[in-house]
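As a plain string of letters, each chain reads:
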Amino acid sequence: MRIALGAALGLAAALGLAKPASAQTVQFGTDWKAEAEHGGYYQAVAAGIYEKHGLKVVLNQGGPQVNHAQLLAAGRLDFNIASNSFIPLNYVREDVPMVAIAALFQKDPSVLIAHPGQGNDSLAALKGKPVMIGSDTRISSWQFLKQKFGYTDDQIRPYTFSVAPFLADPNAVQQGYLTSEPFTIEKEGVKPVVLLLADSGYSSYASLIETSQKLVRNNPDLVQRFIDASIEGWYSYLYGDPSPGNALIKRDNPEMTDALIAYGIDKIKEYGIVDSNDAKTNGIGAMSEPRWRNFYVTMTGAGVYPPGLDFHEAFTVEFVNKKVGMRP
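What counts as what
- Residues numbered from 1 in each chain as written.
- Predicted model: local features only at pLDDT ≥ 70, side-chain atom pairs only at ≥ 80, totals over all residues.
- Heavy atoms only, no water.
- Helix = DSSP H or I, 4+ residues; strand = E, 2+ residues; numbered from the N terminus.
- Expected span 1.5 Å × (residues − 1).
- Buried < 20%, exposed > 50% of the residue type's maximum accessible area, 1.4 Å probe, protein only.
- Phe/Tyr/Trp six-rings, centres within 6.5 Å; stacked < 30°, edge-to-face > 60°.
- Lys NZ or Arg CZ within 6 Å of the ring centre and 35° of its normal.
- Pairing = 2+ DSSP bridges.
- Axes fitted to C-alpha atoms, helices over the stretch in contact; angles between N-to-C directions.
- Parallel < 35°, antiparallel > 145°, perpendicular 65-115°, else oblique.
- Contact = heavy atoms within 4.5 Å.

S.K.: Help me understand helix 13 (residues 258-270) in this model?
M.R.: Structurally, the α-helix is built with 3.6 residues per turn, so residues lying three or four positions apart point the same way. In this model helix 13 runs 18 Å from its N-terminal to its C-terminal C-alpha over 13 residues, within 8% of the 18 Å that 1.5 Å per residue would give. If you check which residues of helix 13 are buried, you get Leu 260, Ile 261, Tyr 263, Gly 264, Ile 265, Lys 267 and Ile 268. After helix 13 finishes, the residue Gly 272 shows a positive phi value of roughly 65 degrees.

Laid out in structure tokens, this is it:
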């Protein structure tokens, strides 16, 4: 039986089979220059996953001179990445109408790095010792270290975002990112002690996707499609062929080498940065109220947030915990 073209298209649309006439453009801001830590998003672009969900996603790189939080608040971005759980809570404290809608990293990749053979093999052992950290770390994960291990501010030494001072002093300890500084240090012939804060109770999420409360309220379908596609992009990047995403990463950031990207992917998998904890049962991007509560209570105890702040306003689980993209 033949069906007229118009009737066929109408039937396809009714069944949800019609391809969108044109993809909806979405502006997405990352938290740094293109790197393996953004691999799932680049994969979703390169492999047509966003397109499959009716989206044309423009990835806007972050960097030291880029304030994507400000651009999100101004409406010039639709979504952006918050590097840790402090940022959505800070929005609540400052009454800024933004909200976290997914946590693509179950573990924050923040680490402290020490030399081997110096007795600095645990976070507890570093209490009272000089540690090189930057200003952002001082108001974020350092607060956890003070609360959990009794670190004090007089331990702080300036961090210049160079590993040269570390390499020159066998007693040096510095901040780092699991997928970055250890690689650079190893290239210089030192196999460092790498201490992941997340494996010692630091409950911050990372690579959190944020958007405005207005977009969540007015266009939840767009939000859901963007989150679902991003999650599928991460499954594809970690467990499929990551080369399409890697090609785009290197296009956007020519300083990124194949070796550093491979190292980053390896560490993300080895430490369960993306696919661990609640993500094992509810899918990549998972979040939970108890974990947000734990983080808020810990940081309130550290004096970062006032008692009584409604931490629930910092996030919503409406768009996650649906096992999207999970392998059988």
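After that view of the structure, there is still more to cover.
S.K.: Explain unusual backbone geometry to me, please; I cannot follow it from the model alone.
M.R.: Note on backbone geometry: most residues besides glycine have negative phi, and most peptide bonds are trans. Of note, the phi angle at Asp 95 is positive, near 60 degrees, even though the residue is not glycine. Topologically, Asp 95 is positioned in the loop between helix 5 (86-93) and strand 4 (98-105). Residue classification places Asp 95 among the exposed positions, given a relative accessible area of 67%. The backbone of Asn 277 sits at a positive phi, close to 50 degrees, despite the residue not being glycine. Looking at where Asn 277 falls in the secondary structure, it is placed in the loop between helix 13 and helix 14 (279-282). Overall, the relative accessible area of 43% leaves Asn 277 in the partly exposed class.

S.K.: Looking at this model, I keep getting lost on the packing of aromatic side chains. Mind explaining?
M.R.: Two aromatic rings are characterised by how far apart their centres lie and by the angle between their planes. Applying the stated criterion to the full structure yields 21 aromatic pairs. A ring pair is formed by Tyr 296 and Tyr 305, whose centres lie 6.4 Å apart and whose planes are at 35 degrees; its orientation type is tilted. The same class applies to Tyr 296 as to Tyr 305, namely buried. Among the aromatic side chains, those forming a connected cluster through ring pairs are Phe 86, Trp 142, Phe 144, Phe 149, Tyr 151, Tyr 202, Phe 295, Tyr 296, Tyr 305 and Phe 311. Against the face of Tyr 205 rests Arg 291, its NZ or CZ located 4.0 Å from the ring centre. A cation sits over an aromatic face here: Arg 327 above Tyr 239, 3.9 Å from the ring centre.

S.K.: Please clarify how the sheet that holds strand 3 (residues 79-82) should be interpreted in this entry.
M.R.: Sheets are built from strands that pair by backbone hydrogen bonding, the pairs being arranged parallel or antiparallel. The strand order across the open sheet formed by five strands is 2-1-3-10-4, and the pairing between neighbours is mixed. Looking at which strands have only one partner, the edges of the open sheet turn out to be strand 2 (55-60) and strand 4. Across the sheet, the axes of successive neighbouring strands diverge by a mean angle of 25 degrees, strand direction being ignored. In terms of strand pairing, strand 3 meets strand 10 (residues 206-212) through three bridges, oriented antiparallel.

S.K.: Which parts of the structure should I look at to understand the pairing of strand 10?
M.R.: Within a regular strand, the side chains alternate between the two sheet faces. In terms of burial, strand 10 is largely enclosed, as seven of its seven residues are buried. Looking at chain direction, strand 4 and strand 10 are connected through six bridges and run antiparallel. Paired with Val 99 across the strands is Thr 211, a residue of strand 10.

S.K.: In this structure, what is going on with the pairing of strand 5 (residues 110-114)? I would like to understand it.
M.R.: Of all five residues that make up strand 5, five are buried, and the element is covered over most of its length. What you see with strand 5 is no split at all: Ser 110, Leu 112 and Ala 114 on one side and Val 111 and Ile 113 on the other are buried throughout. Pairing of strand 5 with strand 8 (residues 173-177), which is carried by five bridges, proceeds in the antiparallel orientation. Residue pairing for strand 8: Ser 110 is matched across the bridge by Tyr 177. Looking at chain direction, strand 5 and strand 9 (residues 193-196) are connected through four bridges and run antiparallel. Considered in strand 9, the bridge of Ile 113 is made with Val 194.

S.K.: Whenever I open this one, the packing of helix 2 (residues 39-46) against helix 12 (residues 243-252) confuses me. Can you help?
M.R.: The geometry of a pair of packed helices is captured by two quantities: the angle between their axes and the separation between those axes. Packing of helix 2 against helix 12 leaves a shortest axis separation of 7 Å and a crossing angle of 105 degrees. Between helix 2 and helix 12, the angle is such that the two are roughly perpendicular. Mapping the contact onto sequence places Gly 39, Tyr 42, Gln 43, Val 45 and Ala 46 in helix 2 and Pro 244, Gly 245, Leu 248, Ile 249 and Asp 252 in helix 12.

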